[in-house]
Amino acid sequence: FVVAIIISEQVSYVMSTDLGFDKEQILNIPLPRNWTNDGVNKIETVRNELAALPGVVQASVNYTIPDRNGFGIPVYRQGEDSSTAVEAFGIISDDKYAETFQIPLVAGKFFSGGNVHPDSSLIVINETLVKNLGWKYSNDAIGKVLYSTGENKSYTVCGVVKDFHVESKQLAIKPLVFFNIYDDKVYRFMSIKIEAGNIEQTIAGIQKRWSAL
């Protein structure tokens, strides 16, 4: 009986704890892969057409969705050396990821946004990485340059998102960095956020347009 109560409480905790993003009414569709600049342009055109359909809130092209495996990448601040690097959880995405999964932005912007071609050297980080790299406030990180170990490349922080869970809620939130899809040019999923009403009709519309495209 005691064990049953403990298990019930644990399940209740897991189901009620805020993930930091909205996982409801999201379709994650595996994509055909054309990992070139032209391929990214084409798949974003598809994304934009699907996002404009009735019942669709937003859509994102990405390599990693929450609760799926990302990749580890050590990053460190300009003016320091790689011995100070912080291991971060890496996600590759377009500029619609935060809006699609409704991840709050606490400083800066999520890549370029709008109709401006994105600067591939821009990155977005989470609040935990801000702290682990030694900044007191999220705004302090905006415009700062980071390096990743093993790469002769610099990245500029353009935004900071509120911490959210990408792994089990029983694990501490890790430092996280979003890389622009135009930098790595790899993707696996189209994540489509749909409205709660008329779900069957919305999905049918997505399938029809998907087939046409």
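Everything discussed here concerns the structure shown above.
Residues numbered from 1 in each chain as written. Predicted model: local features only at pLDDT ≥ 70, side-chain atom pairs only at ≥ 80, totals over all residues. Heavy atoms only, no water.

Quick look at the overall build of the protein chain
- From N to C terminus, the protein chain includes six helices and ten strands.
- Looking at the protein chain as a whole, 44% of its 213 residues qualify as buried.
- A separation of at least 24 residues holds for 75% of the contacts in the protein chain among residues at least 6 apart in sequence.
- Accessible area of the protein chain: about 11,100 Å², with a carbon and sulfur share of 50%. (Helix = DSSP H or I, 4+ residues; strand = E, 2+ residues; numbered from the N terminus. Buried < 20%, exposed > 50% of the residue type's maximum accessible area, 1.4 Å probe, protein only. Contact = heavy atoms within 4.5 Å. Areas by Shrake-Rupley, 256 points an atom, 1.4 Å probe, with all protein chains shown as cover.)

Let's talk about the nonpolar core
- Ile123, Ile125, Leu129, Val177, Met190 and Ile192 are the most contacted members of the largest nonpolar core, which has 37 residues in total.
- With five residues, helix α2 (residues 37-51) is the largest single contributor of residues to this core.
- Not counting chain neighbours up to four residues away, the residues in contact with Met190 comprise Leu27, Asn28, Ile29, Leu31, Ile43, Val46, Arg47, Leu50, Ala59, Ser60, Val61 and Trp210.
- One finds Phe89, Phe101, Phe111 and Leu176 within the second-largest nonpolar core, a separate group that totals 19 residues. (Core = buried A, V, L, I, M, F, W, Y, C linked by side-chain atoms within 4.5 Å.)

Quick notes on the pairing of strand β8 (residues 154-161)
- Counting buried positions along β8 yields six of eight residues, so the element is predominantly enclosed.
- Here three bridges tie strand β5 (residues 105-108) to β8, and the two strands are oriented antiparallel to one another. Pairing of Ala107 across the sheet is with Val160, part of β8.
- Pairing of strand β6 (residues 122-126) with β8 involves five bridges; the strand directions are parallel. Bridge assignment links Leu122 to a residue of β8, and that residue is Thr156.
- With three bridges connecting them, strand β7 (residues 145-148) and β8 associate as antiparallel partners. Following the sheet pairing, Leu146 is matched in β8 by Tyr155.
- The antiparallel pairing of β7 with β8 creates a hairpin that spans five residues between the two strands, and Gly150 there sits at a positive phi of about 85°. (Pairing = 2+ DSSP bridges.)

Describing unusual backbone geometry
- Of note in the backbone geometry, Gln102 takes a positive phi value of approximately 50° without being a glycine.
- When its relative accessible area of 41% is taken as the criterion, Gln102 is described as partly exposed.
- Phi at Lys185 is positive, roughly 55°, even though this residue is not glycine.
- You can see Lys185 is positioned in the loop between α5 (181-184) and β10 (189-194).

What about the packing of aromatic side chains?
- Within the structure shown, the criterion is met by nine aromatic pairs.
- Ring centres of Phe110 and Phe111 lie 5.1 Å apart, and the angle between their planes is 65°; this geometry places the pair in the edge-to-face category. There is no split in this pair, since Phe110 and Phe111 are both buried.
- Aromatic pair Phe110 and Phe178: ring centres 5.0 Å apart, planes at 70°, arrangement edge-to-face. With Phe110 in the loop between β5 and β6 and Phe178 in strand β9 (residues 176-180), this pair connects stretches of sequence that are 68 residues apart. (Phe/Tyr/Trp six-rings, centres within 6.5 Å; stacked < 30°, edge-to-face > 60°.)

Comments concerning the pairing of β6
- Burial analysis of β6 places five of its five residues in the buried class, the great majority of the element.
- Bridging between β6 and β9 involves three bridges; their strand directions are antiparallel. Residue pairing for β9: Ile123 is matched across the bridge by Phe179.

Here's the deal with α2
- Its 15 residues place the ends of α2 21 Å apart at the C-alpha level, agreeing with the 21 Å of an ideal helix rising 1.5 Å per residue.
- Within α2 the residues assigned to the buried category are Gly39, Val40, Ile43, Glu44, Val46, Arg47, Leu50 and Ala51. Seen from one end, α2 has its buried residues packed into an arc of 155°, which puts them on one side.
- Where α2 is buried, its residues touch β2 (56-62), α5, β10 and α6 (199-212). (Expected span 1.5 Å × (residues − 1). Arc of directions from axis to C-beta.)

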